Amino acid sequence: MAFVERVFSGVQPTGNLHLGNYLGAIVNFVKLQETHNCLYCVVDMHALTQPVSVWGGPAELARNTREVTAAFIASGIDAKKHIVFNQSQVSGHAELAWIFNCVARVGWLNRMTQFKEKAGKDRENASVGLYDYPVLMAADILLYRATHVPVGEDQKQHLELSRDIAQKFNNDFGDSIRSHGFNEGLFFPQPEPLITGPATRVMSLRDGTKKMSKSDSSDNSRINLTDDADIIAQKIRKAKTDPEPLPSEEKGLEARPEADNLVGIFAALSGRTKSDVLVEFGGGQFSNFKNSLVELCVAKLSPIAAEMKRLVADPGYVDSILIEGANRARDIAAETMKSTKDIVGFVRKH
Ligand code: TRP
């Protein structure tokens with residue numbers, strides 16, 4: 001069986017989308033629309049895996065779900081040509097996750113490094129959902145038999161688990177899969193990660209060795225997608241640098257994480273390479289470069305912020321996008337679930 005080239009990716013609605021999410025994920029989502037059928041999902045069920053204090057409670061979850069949707073649309077994701085929806089509206093995610101719970105092995109989940117990081121020292125007190133997170137993620141992807149998954153480096157291990165689950169399901173139910181008319185026992189594809197390159201890894205403005213993060217206690221460490229021009233300017237002017245002028249070649253950025261980060265942001269936002277940026281700014285002072293970076297950031301981000309603001313002010317419209325997207329997602333999901341139930345031997349109405 002040949003699989004349609006289909007992209008699936010998810011973003012958690014846990015607040016404060018920033019430049020790192022934009023350059024590391026969303027820009028890539030926008031580009032993939034030209035070559036693939038894409039589903040972009042606001043994974044509200046994944047948000048619940050962390051303590052309520054992290055996702056903020058019901059009102060915050062709904063607000064953040066709409067805000068991520070608004071960010072997708074404002075950044076250029078076309079919800080008519082592709083599918084934008086929130087996970088909880090399509091019950092197949094939870095249904096398939098249960099079947100995959102019975103395919104995945106405890107030993108596999110015990111090796112997941114992100115669980116260890118997120119659970120911290122008090123592992124006994126982590127939710128069962130947090131432990132099971134990667135299984136739900138596999139269900140997200142395979143419910144649509146997606147073949148390509150744009151994710152950050154940190155999700156690579158979860159993608160490997162998705163492939164292991166797909167393979168074990170195909171093996172365990174091989175005879176049944178064949179008897180239901182699927183070729184060579186292949187039912188679920190092996191989804192491939194599309195890892196975004198290091199050039200789009202955006203670091204904190206206060207510490208070039210740490211990733212830009214919504215959970216950093218200093219708001220000056222990140223540029224939020226909703227920041228206005230004045231705040232963007234302030235944050236970039238305050239961004240940490242070192243006393244040396246900018247180098248003229250890319251190798252001069254080695255061991256200068258803050259300079260490397262700012263040049264990387266400039267390159268990514270302008271669609272140029274870092275060495276090209278250094279041809280223009282190398283040898284000059286940071287203040288001059290920072291002025292140009294402020295201009296560029298404001299030019300690229302303020303139209304997105306403005307559009308997000310407009311969309312968030314119209315929750316009825318945003319909800320209509322999610323409802324319509326979920327309706328279309330459900331049609332694809334229903335096909336997978338019907339076949340999956342038949343393969344497993346669950347009796348259903350025909
Ligand atoms: N775990 C992903 C993250 O935190 C979010 C996610 C959930 C996802 N389901 C997915 C990403 C399916 C890709 C595919 O970034």
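Since the model is a prediction, treat every value here as computed from it, not as a measurement.

Undergrad: I would appreciate a short explanation of the overall build of the chain in the present structure.
TA: When its secondary structure is counted, the chain shows 15 helices and five strands. Computed over the C-alpha atoms, the radius of gyration of the chain is 22 Å, within 12% of the 20 Å expected from 2.2 N^0.38 for a compact globule of 350 residues. In terms of overall dimensions, the chain has C-alpha extents of about 70 × 45 × 40 Å along its principal axes. The 350 residues of the chain split such that 50% are buried. Taking as baseline every contact in the chain between residues at least 6 positions apart, the subset at least 24 positions apart corresponds to 76%. Here the chain has roughly 16,400 Å² of accessible surface; of this, 52% comes from carbon and sulfur atoms.

Undergrad: Please explain the side chain of serine 9 as it appears in this structure.
TA: Secondary-structure assignment places serine 9 in strand 1 (residues 6-11). Residue classification places serine 9 among the buried residues on the basis of a relative accessible area of 3%. At 2.8 Å, the side chain of serine 9 and the backbone oxygen of proline 150 are in polar contact. In contact with serine 9, not counting residues within four places along its chain, are Phe29, Leu39, Tyr40, Cys41, Pro150 and Val151.

Undergrad: I'm lost on helix 15 (residues 315-344) in this one. Help?
TA: Residues lying three or four places apart along an α-helix face the same way, a consequence of the helix completing one turn every 3.6 residues. Between its first and last C-alpha, helix 15 extends 40 Å over 30 residues, near the 44 Å set by a 1.5 Å rise per residue. Count one or two residues on from helix 15 and you reach glycine 345, which has phi positive near 105°.

Undergrad: Help me understand unusual backbone geometry in this model?
TA: Most of the time, phi is negative for any residue but glycine, and the peptide bond is trans. Here asparagine 16, not a glycine, exhibits a phi torsion of approximately 45°, which is positive. Residue position: asparagine 16 is located in the loop between strand 1 and helix 1 (19-32). Classification of asparagine 16 by relative accessible area gives partly exposed; the value is 33%. One non-glycine residue, arginine 145, lies in positive phi territory at about 45°.

Undergrad: What is the right way to look at the environment of methionine 337 in this model?
TA: Tracing the sequence through the fold places methionine 337 in helix 15. Between the C-alpha atoms of methionine 337 and glycine 92, which are 245 residues apart in sequence, the distance is 6.8 Å. Apart from the residues lying within four places of it in its own chain, the contact partners of methionine 337 are Gly92, Glu95, Leu96, Ile99 and Leu143.

Undergrad: It is not clear to me how the nonpolar core should be interpreted in this structure. Could you clarify?
TA: The nonpolar side chains of a soluble globular protein tend to be buried with one another. Grouped together as the largest cluster of nonpolar side chains are 56 residues, with contacts concentrated most on Leu19, Tyr22, Phe72 and Phe289. Considering every element that reaches this core, the biggest residue donor is helix 14 (residues 286-312), with 11 residues. Counting 46 residues, the second largest nonpolar core, distinct from the first, contains Ile83, Phe85, Leu143 and Met337.

Undergrad: What is the right way to look at the pattern of salt bridges in this model?
TA: Should their charged atoms come close, side chains of opposite charge can pair. Within this structure, the stated rule accounts for 22 salt bridges. One salt bridge connects aspartate 175 with arginine 178, and the closest N-O pair in it is separated by 3.2 Å. On the criterion of helical spacing, the pair formed by aspartate 175 and arginine 178 is a turn pair, its members being three residues apart in helix 10 (residues 174-179). A relative accessible area of 62% means that aspartate 175 is categorised as exposed. One network of salt bridges, in which partners are shared, links Asp219, Arg222, Asp227 and Lys235.

Undergrad: Would you explain helix 14 in this entry?
TA: Relative to the 39 Å expected for 27 residues at 1.5 Å per residue, helix 14 spans 36 Å between its end C-alpha atoms, a close match to the ideal helical length. At leucine 301, helix 14 is deflected by roughly 35°, the largest bend along its length, and proline proline 303 occurs up to four residues later in sequence.

Undergrad: What's the story with the site of the ligand in this structure? I'm lost.
TA: Taken together, 13 residues are adjacent to the ligand, and Gly10, Tyr133, Met137, Asp140 and Gln155 come closest. With respect to the ligand, the side chain of tyrosine 133 contributes an N or O atom lying 2.6 Å from a nitrogen atom. Contact between the ligand and glutamine 155: a nitrogen atom at 2.9 Å from a side-chain N or O atom of the residue. With the chains in place, 88% of the 360 Å² that the ligand exposes on its own is no longer accessible. Elements with a contribution of two residues or more to the shell around the ligand: strand 1, helix 8 (128-142) and strand 4 (148-151). Class assignment of the residues belonging to the shell around the ligand gives a composition of seven nonpolar, five polar and one charged.

Undergrad: Please clarify how the packing of helix 5 (residues 92-101) against helix 15 should be interpreted in this entry.
TA: One way to put it is that helix 5 packs onto helix 15 with a least axis distance of 11 Å and a crossing angle of 25°. In terms of orientation, helix 5 lies roughly parallel with respect to helix 15. By crossing handedness, the relation of helix 5 to helix 15 is classed as left-handed. Of the residues in helix 15, those touching helix 5 at Gly92, Glu95, Leu96 and Ile99 are Met337, Thr340, Lys341 and Val344.

Reading guide: rules and limits
Residues numbered from 1 in each chain as written. Predicted model: local features only at pLDDT ≥ 70, side-chain atom pairs only at ≥ 80, totals over all residues. Heavy atoms only, no water. Helix = DSSP H or I, 4+ residues; strand = E, 2+ residues; numbered from the N terminus. Rg over C-alpha atoms; globule rule 2.2 N^0.38 Å. Buried < 20%, exposed > 50% of the residue type's maximum accessible area, 1.4 Å probe, protein only. Contact = heavy atoms within 4.5 Å. Areas by Shrake-Rupley, 256 points an atom, 1.4 Å probe, with all protein chains shown as cover. Polar contact = N/O pair within 3.5 Å; in protein donor to acceptor, adjacent residues only side chain to side chain. Expected span 1.5 Å × (residues − 1). Core = buried A, V, L, I, M, F, W, Y, C linked by side-chain atoms within 4.5 Å. Salt bridge = Lys/Arg side-chain N within 4 Å of Asp/Glu carboxyl O. Bend = angle between axes of the 7 residues up to and from the residue. Near = heavy atom within 4 Å. Nonpolar A, V, L, I, M, F, W, Y, C, P; charged D, E, K, R; others polar. Axes fitted to C-alpha atoms, helices over the stretch in contact; angles between N-to-C directions. Parallel < 35°, antiparallel > 145°, perpendicular 65-115°, else oblique. Left-handed = near helix turned anticlockwise from the far one by under 90°.

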